[in-house]
Amino acid sequence: MPGGRLTQQERQQIALGLADGLAYAEIARRLERPTSTITREVTRNGGPAGYRAEVAQRATGHRAHRRKQAATRDPRTPAQPHGRDADEVRAYEEVFTTVMIASGMPTMMSRVTACLILTDSGSLTAAELAAHLQVSPAAISKAIAFLESQGFVRRERGEGRRERYVVDDDVYYQSMMATARATAQVVATARQGIPVLRPGTPAATRLENIARFLDFVSESTARAAEQARDILHTKPTTAPDPGAPGER
């Protein structure tokens, strides 16, 4: 079974397999690769519908270059807490970020969210985020403004005048509720247009059906989020190693 990184030819075979509707397991079998390798490759490079071999090849090279730059800038990478492997954490952060991008969140906002979620404290300063993601403070500021509007993060006053950006344990509850409220606004606006377009006309009927559909979705989303909220506060069954290094 071949090892190492995927080649450009293998990526082209993956793209062809996806275009033919093949399952990840079948593509993996043809390439003599683990299914997890194909799943990870497609997930981090646009998903089944957006995967492009050339783009994936360039993105892989870019990620490798970025990791090399990071190692050059800071050869004394701090130890990960709880005995975690730093390379595994970094690779998983990339996968998590890619999935968020595929779900529709902009790239920088996805990177910031993933960075916050994958820290034990759930909070970092702008300087810490900028250093970890190797981007400018302006990029962090723009991302935080967007994430605040979506209910993903909140600001918290830290030491001195330094702000910390916090992602709470119920981040996805807050996000789902924000989505439900935004959808409810679309419903209200759609219903305002029905008398303008004259009830019973094709356009008005279409708008009315859209409003009814989104109203149901909004209410169902809010209700499901409320019912499931306690799941986000479930305590772990095993405690972390008390002797492990502290939070990064």
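Description of the structure in this document. Sequence positions are assigned chain by chain, starting from 1 and proceeding in written order. Given that the model is predicted, a residue must reach a pLDDT of at least 70 before its local features are reported, and side-chain atom pairs must reach 80 or more before they are shown or counted; all residues, however, enter totals for whole chains, interfaces and linings. Side-chain metrics in this entry use all non-hydrogen atoms of the structure; hydrogen atoms and water are not considered.

Some remarks on the sheet that holds strand β2 (residues 154-157)
Thought 1: Here 3 strands make up an open sheet; going across it, the order is β1-β3-β2 and the pairing antiparallel. Here the strands that pair on one side only, and so sit at the sheet edges, are β1 (123-125) and β2. When the angles between neighbouring strand axes are averaged without regard to direction, this sheet yields 35°.
Thought 2: Pairing of β2 with strand β3 (residues 163-166), which is carried by 4 bridges, proceeds in the antiparallel orientation. The residue of β3 that forms the bridge with Glu-156 is Arg-164.
Thought 3: With respect to the sheet, helix α8 (residues 126-133) is in contact with β1 and β3, its orientation differing from that of β1 by roughly 90°. Should DSSP find at least two bridges between two strands, the strands are taken to pair. The secondary structure listing takes helices from DSSP runs of H or I that are at least 4 residues long and strands from runs of E that are at least 2 residues long, numbered from the N terminus. To obtain each axis, a line is fitted to C-alpha atoms, and for helices this fit is confined to the stretch in contact; angles are then taken between N-to-C directions over 0 to 180 degrees. The criterion used for residue contact is that any of the two residues' heavy atoms lie within 4.5 Å.

Considering the pattern of salt bridges
Two side chains bearing opposite charge may form a pair once their charged atoms approach each other closely.
Thought 1: By salt bridge we mean one thing: a side-chain nitrogen of Lys or Arg within 4 Å of a carboxyl oxygen of Asp or Glu. In this structure the tally under the stated criterion is 13 salt bridges.
Thought 2: The shortest N-O distance in the salt bridge between Glu-156 and Arg-154 comes to 3.3 Å.
Thought 3: Judged by its relative accessible area of 34%, Glu-156 is partly exposed.
Thought 4: In this structure Arg-154 comes out as partly exposed when scored by relative accessible area, which is 33%. A simple rule labels every residue: compare its accessible area, found with a 1.4 Å probe on the protein chains alone, to the largest value its type can have, and call it buried under 20%, exposed over 50%, or partly exposed in between.

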